[in-house]
Amino acid sequence: MSSTPEVRPPVVTPVRVIIGLCLVAPFVAMLWVGSYAKTGPAFIGIPFFYWYQMLWVLISTALTMTAYQLWQRDQRDRAAHASPAAENGGEAK
């Protein structure tokens, strides 16, 4: 038998789609400049343009943490459901 590990194609699951959306959302929000290129409404004297971007720093942090937690859970689930053949180096007993 070959000692080369089996290469499996990536699996698209709903959890991985959510992870992707969590990571892409801040980029879309910041690259769509027309949605926040204005001065009003002001928040405690800060123009909208600035406080909107600062708000996205916090939102991006929360979304990245969520994506990381989901990824960790997905990897634990994949490891727990790994087939016995994969755990024995590809040899079924």
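Residues numbered from 1 in each chain as written. Predicted model: local features only at pLDDT ≥ 70, side-chain atom pairs only at ≥ 80, totals over all residues. Heavy atoms only, no water.

**Student:** Outline the overall build of the protein chain, supporting the account with residue identities and numerical values.
**Tutor:** Across its full length, the protein chain carries three helices and zero strands. Walking the protein chain from its N terminus toward its C terminus, one meets helices and strands in the order α-α-α. By the burial criterion, 15% of the 93 residues in the protein chain qualify as buried. Across the protein chain, the fraction of contacts at a sequence separation of at least 24, relative to all contacts at a separation of at least 6, is 49%. Surface accessibility of the protein chain: about 7,500 Å² in total, with carbon and sulfur atoms responsible for 69%. (Helix = DSSP H or I, 4+ residues; strand = E, 2+ residues; numbered from the N terminus. Buried < 20%, exposed > 50% of the residue type's maximum accessible area, 1.4 Å probe, protein only. Contact = heavy atoms within 4.5 Å. Areas by Shrake-Rupley, 256 points an atom, 1.4 Å probe, with all protein chains shown as cover.)

**Student:** Account for the packing of aromatic side chains, with residues named and values stated.
**Tutor:** Tallied over the full model, the rule gives six aromatic pairs. Geometrically, the ring pair formed by Phe-48 and Tyr-52 is tilted, given 5.3 Å between the ring centres and 35 degrees between the ring planes. With a gap of four residues between them, Phe-48 and Tyr-52 both fall in helix α2 (residues 48-80), about one helical turn apart. Of the two residues, Phe-48 and Tyr-52, neither departs from the other in class, the shared state being buried. Lying over the aromatic face of Phe-48, Lys-38 brings its terminal NZ or CZ to 5.1 Å of the ring centre. (Phe/Tyr/Trp six-rings, centres within 6.5 Å; stacked < 30°, edge-to-face > 60°. Lys NZ or Arg CZ within 6 Å of the ring centre and 35° of its normal.)

**Student:** I'd like to hear about the pattern of salt bridges, residue by residue, with values.
**Tutor:** Under the counting rule described, the total for this entry stands at one salt bridge. With a shortest N-O distance of 2.9 Å, Asp-74 and Arg-16 are connected by a salt bridge. Taken together, the residues Asp-74 in helix α2 and Arg-16 in helix α1 (residues 14-31) connect sequence positions 58 residues apart. (Salt bridge = Lys/Arg side-chain N within 4 Å of Asp/Glu carboxyl O.)

**Student:** Provide a residue-level description of the side chain of Asp-74, including the pertinent values.
**Tutor:** On the accessibility criterion, Asp-74 (11% relative accessible area) is buried. Apart from residues lying up to four places away in sequence, Asp-74 is in contact with Thr-13, Val-15 and Arg-16.

**Student:** I'd like a description of unusual backbone geometry, backed by residues and values.
**Tutor:** In this model, Gly-40 is joined to Pro-41 through a cis peptide bond whose omega is 0 degrees. Along the chain, the position of Pro-41 falls in the loop between α1 and α2. Not every positive phi belongs to a glycine, and Ile-44 is a case in point at roughly 45 degrees. Here Ile-44 is to be found in the loop between α1 and α2. Taking the relative accessible area as the measure of exposure, Ile-44 reaches 72% and is therefore exposed.

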